[in-house]
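Here is what each chain is made of, one letter per residue.
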Amino acid sequence: MPKISVDTNILINDSSILFDTTKEFVISFQVLRELDKLKRNPDLKRSAQIAIKNVKALLLAGKLEILNVPTKESLGDSPDELILLDTLVAGASFLSEDINATVIATALNIPLSDVDAEADTDYGYKGYITIEGGINYDQNYVQVKELPLDEFNEIFGVSLKENQYCIIDRVGDKNDIWVNHRGIVSRISQSAQPLKSAGIMEVPLDYEQACAIHAIMDPSVPLTIIDGKVGSGKSLLALMGALACTIGQRQHQHYKSIFVTRPPVGINSAYKLGYLPGDLNAKLGDWLGGIKSNLKFLLDKNFKRNKETDIAPSEEVFQDHFELINLDSIQGMSLHDGILLVDEYQLTDRDMLKLILTRISKGSKVVLMGDTVSQTFGINRLNEGYRAIYPWLGQIPEMSFIRLENIHRSALVKVIDKMFND
């Protein structure tokens, strides 16, 4: 098939075109130089970074040719190319967190060295697996409540990690969910009663959400991370679990307060409103609008305001049990007898996330919610807090992680997710 040379503007517009297997694409080395400049442009850096990432993936897979690769003598005078020239002369491998520099190095046939731990980090870990139970399961294990980890792994041919869930697809419509915690695999309850007792009529919409609710409500795991796509129910599930553990059945009332916070980072500096007047509730109200709207959705469905003095259930619960935390003043705090909900945690850098997590006292819990897969580019680039956490997923009993893939907000959101899927 004929080769097609792709210009930089095409890659900035939609670099996914390179994955069209019906065409053979090539790019000029000059395109790499232009992408390197564009990644510093505030308006184009996200598109440039995505394009560089896609070019690197195809280049490493041997599915993309770079034209007019310079020799040692003809390398440019940019800092990256001068560094790579020294690397070539020394006959060394190249270690860098600058993705475009590694692309240029690959084009020059310079071997790459992996950044510490990144190569071993499983960014595809979801916190649960699904297996077929079959007739054998229905006949022999539906009455069993727990099994030693080694026995469970051998029976079902799996290798569960710490706090990883196993969804077993039964012969009928119902599935069972098991979780491994400290070497014991237990079947979890999927009863909606703990939620109903807190005034919540909503229930998990799939088995992944059921895993998330259990992880949030489990007091033996002080850190739970709910990661997922837009519209997958992260904030809603976190509130459901927190409410059940605060105002629900007595046996589930592990906490007295629900602390709420999020990084005050806007989606675009062009939309900044500047200083917000008022008290802490007024200042953080807009940032935490999603929390309040979800609280109304969960608790106010049957509420009808008859008098001006009538207080909606969500308003009463918010006043009695919620406390907003300003991240600028969290240093020195110790959060006791509460569950802390941190929305949009992917926007925190390493220092801030460490500071947040070290505020949690014994008997308290923190739930992080966000989307690290579709994270905003250019914010804390390569210093994201979640990068420090990911290598530990499934490794320690103090932390659980669930990645939600199903969008439930609406059919429109599902379509929009496909349209804008990078």
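Attention in this report is confined to the structure presented alongside it. It should be emphasised that the depicted structure is a prediction, and the values quoted were computed from it without experimental measurement.

## What to know about the pairing of strand β12 (residues 338-343)
Point 1. Within β12, six of the six residues are buried, leaving the element largely enclosed by the surrounding structure.
Point 2. Side-chain alternation along β12 places Gly 338, Leu 340 and Val 342 on one buried face and Ile 339, Leu 341 and Asp 343 on a second face that is also buried.
Point 3. By the bridge criterion, five bridges tie β12 to strand β13 (residues 365-370) in an arrangement that is parallel. Residue Asp 343 lies in a different strand from β13, and its bridge partner there is Met 369.

## A word on the nonpolar core
Point 1. With 42 residues, the main nonpolar core has Tyr 165, Leu 243, Phe 322, Leu 341 and Ile 402 as its most contacted residues.
Point 2. Apart from residues lying up to four places away in sequence, Phe 322 is in contact with Leu 239, Leu 243, Ile 258, Val 260, Ile 291, Leu 295 and Val 317.
Point 3. By size, the runner-up hydrophobic cluster in this structure holds 28 residues, among which are Leu 11, Ile 27, Leu 64 and Val 103.

## Here's the deal with the sheet that holds strand β2 (residues 24-28)
Point 1. Reading across the sheet, the three strands line up as β1-β2-β3 and stay open at both edges, with parallel pairing between neighbours. Looking along the sheet, the strands with just one partner apiece sit at the ends: β1 (3-5) and β3 (65-67). The average undirected angle you get between the axes of adjacent strands in this sheet is 35°.
Point 2. As defined by bridge partners, β1 adjoins β2 across three bridges and the pair is classed as parallel. Counted as the bridge partner of Ser 5 is Val 26 from β2.

## Thoughts on the packing of helix α2 (residues 29-38) against helix α5 (residues 99-107)
Point 1. Where α2 meets α5, the axes come as close as 10 Å, and the angle between the chain directions of the two elements is 165°. Considered as vectors, α2 and α5 are oriented roughly antiparallel to each other. Crossing of α2 against α5: the hand is left-handed. Residues Phe 29, Leu 32, Leu 35 and Asp 36 of α2 lie in contact with α5, whose contacting residues are Asn 100, Val 103, Ile 104 and Ala 107.
Point 2. Of the residues belonging to the contact of α2 with α5, the class tally is six nonpolar, one polar and one charged.

## So, the packing of aromatic side chains
Point 1. Scanning all chains against the criterion turns up nine aromatic pairs.
Point 2. Their ring planes at 50° and their centres at 4.7 Å tell us that Phe 152 and Phe 156 sit as a pair that is tilted. Of this pair, Phe 152 and Phe 156 both sit in helix α7 (residues 149-156), separated by four residues, roughly a single helical turn.
Point 3. Here Phe 152 falls in the buried class, since its relative accessible area comes to 0%.
Point 4. When the centroid spacing of 5.8 Å and the interplanar angle of 70° are considered together, the rings of Tyr 390 and Phe 401 count as edge-to-face.

## Notes on unusual backbone geometry
Point 1. Despite not being glycine, Asn 109 has its phi angle at roughly 60°, a positive value.
Point 2. Relative to the elements of secondary structure, Asn 109 occurs in the loop between α5 and β4 (128-132).
Point 3. A residue is classified by how much of its surface remains accessible, and Asn 109, at 69% relative accessible area, is exposed.
Point 4. Phi at Asn 163 is positive, roughly 60°, even though this residue is not glycine.
Point 5. If you trace the backbone, Asn 163 turns up in the loop between α7 and β6 (165-169).
Point 6. Residue classification places Asn 163 among the buried positions, given a relative accessible area of 3%.

## Some thoughts on the environment of Cys 211
Point 1. Examined against the element boundaries, Cys 211 turns out to sit in helix α9 (residues 207-217).
Point 2. Considered as a pair, Cys 211 and Phe 401 are 190 residues apart in the sequence and their alpha carbons are 9.5 Å apart.
Point 3. Apart from residues no more than four positions distant in its own chain, Cys 211 is found in contact with Tyr 128, Tyr 165, Ile 167, Ile 177 and Ile 402.

## A few points about the pattern of salt bridges
Point 1. Tallied over the entire structure, the rule returns 16 salt bridges.
Point 2. Its salt-bridge partner being Asp 176, residue Arg 170 comes within 3.5 Å of it at the nearest N-O pair.
Point 3. Of the charged contacts in the structure, one is a salt bridge between Arg 403 and Asp 227, with a shortest N-O distance of 2.3 Å. Placement of Arg 403 in strand β14 (residues 399-404) and of Asp 227 in strand β9 (residues 223-228) is noted, with a sequence separation of 176 residues between them. In this pair, the class of Arg 403 matches that of Asp 227, namely buried.
Point 4. Shared partners join several salt bridges into a network, and the residues in it are Asp 36, Lys 39, Arg 40 and Asp 98.

## Here we look at the sheet that holds strand β8 (residues 184-187)
Point 1. Spatial ordering of the open sheet is given by β4-β6-β7-β8-β5, a layout of five strands whose pairing is mixed. Looking at strand neighbours, the two that pair on one side only are β4 and β5 (146-148), the edges of this open sheet. Taken over all neighbouring pairs, the strand axes of this sheet differ in orientation by 25° on average, direction set aside.
Point 2. Where β4 meets β6, five bridges bridge the pair, whose relative direction is parallel. In the sheet register, Ile 131 faces β6, and the bridge partner there is Ile 168.
Point 3. The sheet strands contacting α7 are β4, β5, β6, β7 (175-181) and β8, and the helix crosses β5 at an angle near 95°.
Point 4. Lying over the sheet, α9 contacts β4, β6 and β7, oriented at roughly 145° with respect to β6.

Analysis parameters
- Residues numbered from 1 in each chain as written.
- Predicted model: local features only at pLDDT ≥ 70, side-chain atom pairs only at ≥ 80, totals over all residues.
- Heavy atoms only, no water.
- Buried < 20%, exposed > 50% of the residue type's maximum accessible area, 1.4 Å probe, protein only.
- Helix = DSSP H or I, 4+ residues; strand = E, 2+ residues; numbered from the N terminus.
- Pairing = 2+ DSSP bridges.
- Core = buried A, V, L, I, M, F, W, Y, C linked by side-chain atoms within 4.5 Å.
- Contact = heavy atoms within 4.5 Å.
- Axes fitted to C-alpha atoms, helices over the stretch in contact; angles between N-to-C directions.
- Parallel < 35°, antiparallel > 145°, perpendicular 65-115°, else oblique.
- Left-handed = near helix turned anticlockwise from the far one by under 90°.
- Nonpolar A, V, L, I, M, F, W, Y, C, P; charged D, E, K, R; others polar.
- Phe/Tyr/Trp six-rings, centres within 6.5 Å; stacked < 30°, edge-to-face > 60°.
- Salt bridge = Lys/Arg side-chain N within 4 Å of Asp/Glu carboxyl O.

What is shown is where atoms sit, not what they do.
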